[in-house]
Amino acid sequence: MMRGRGLAYVHYKHSESYVAMGMDVAVERASGEIRVERVACAFDCGQIINPDGVHAQVEGSILQTLSRVLMEEVQFDRSRVTSVDWNSYPILRFPDVPRLEIALIDRPTERPLGAGEASCTPVGAALANAVFDATGARLRTVPFTPERVKAALSAA
């Protein structure tokens, strides 16, 4: 098992929320499976009016984006979409949810900003950087499926 840590940061739209994210991952060389073990996020969206709501929004956005980056992909053949139900379209399941540590930075003198989209933006970069730290291989195409991980490992 190879382990790594990746970081990413964004100042969303260059004028809105600030998001810093770190991830700890484990990558199994033989299968190409990536396991995200921990996500730490510092989130600054100006004045926070409803901390529980912002926390839930950030947490949910991180998990949804992890699912997209790790496994979600519409499948199709020459004539139609073939991933038409929950059995054929993979999503992150409860056993795969990493430990989440969310630090909200409240700045009551600033205007409140959005929490949803901003918290999605550094997820893929932090994950790709963590995989690179663990393996020395760069992943540049999402989702980061086991097949793509093994191909990147072979090329590295």
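With respect to the nonpolar core
Met23, Ile34, Leu66 and Leu127 are the most contacted members of the largest nonpolar core, which totals 41 residues. Secondary-structure elements contributing two or more residues to this core are strand S1 (2-11), strand S2 (18-27), strand S3 (34-44), helix H1 (51-70), helix H3 (123-135) and helix H4 (146-155).

A few points about the sheet that holds S3
By way of backbone hydrogen bonds, the strands of a sheet pair with one another, either parallel or antiparallel. Here we have 4 strands laid out as an open sheet, ordered S1-S2-S3-S4, and mixed in their pairing. Sheet topology places S1 and strand S4 (99-105) at the edges, where each strand pairs with a single neighbour. When the angles between neighbouring strand axes are averaged without regard to direction, this sheet yields 10°. In terms of strand pairing, S2 meets S3 through 10 bridges, oriented antiparallel. Of the residues in S3, the one forming a bridge with Met23 is Val39. The sheet contacts of H3 involve S1, S2 and S3, and relative to S1 the element is tilted by about 150°.

Basis of the calculations
Residues numbered from 1 in each chain as written. Predicted model: local features only at pLDDT ≥ 70, side-chain atom pairs only at ≥ 80, totals over all residues. Heavy atoms only, no water. Core = buried A, V, L, I, M, F, W, Y, C linked by side-chain atoms within 4.5 Å. Buried < 20%, exposed > 50% of the residue type's maximum accessible area, 1.4 Å probe, protein only. Helix = DSSP H or I, 4+ residues; strand = E, 2+ residues; numbered from the N terminus. Pairing = 2+ DSSP bridges. Axes fitted to C-alpha atoms, helices over the stretch in contact; angles between N-to-C directions. Contact = heavy atoms within 4.5 Å.

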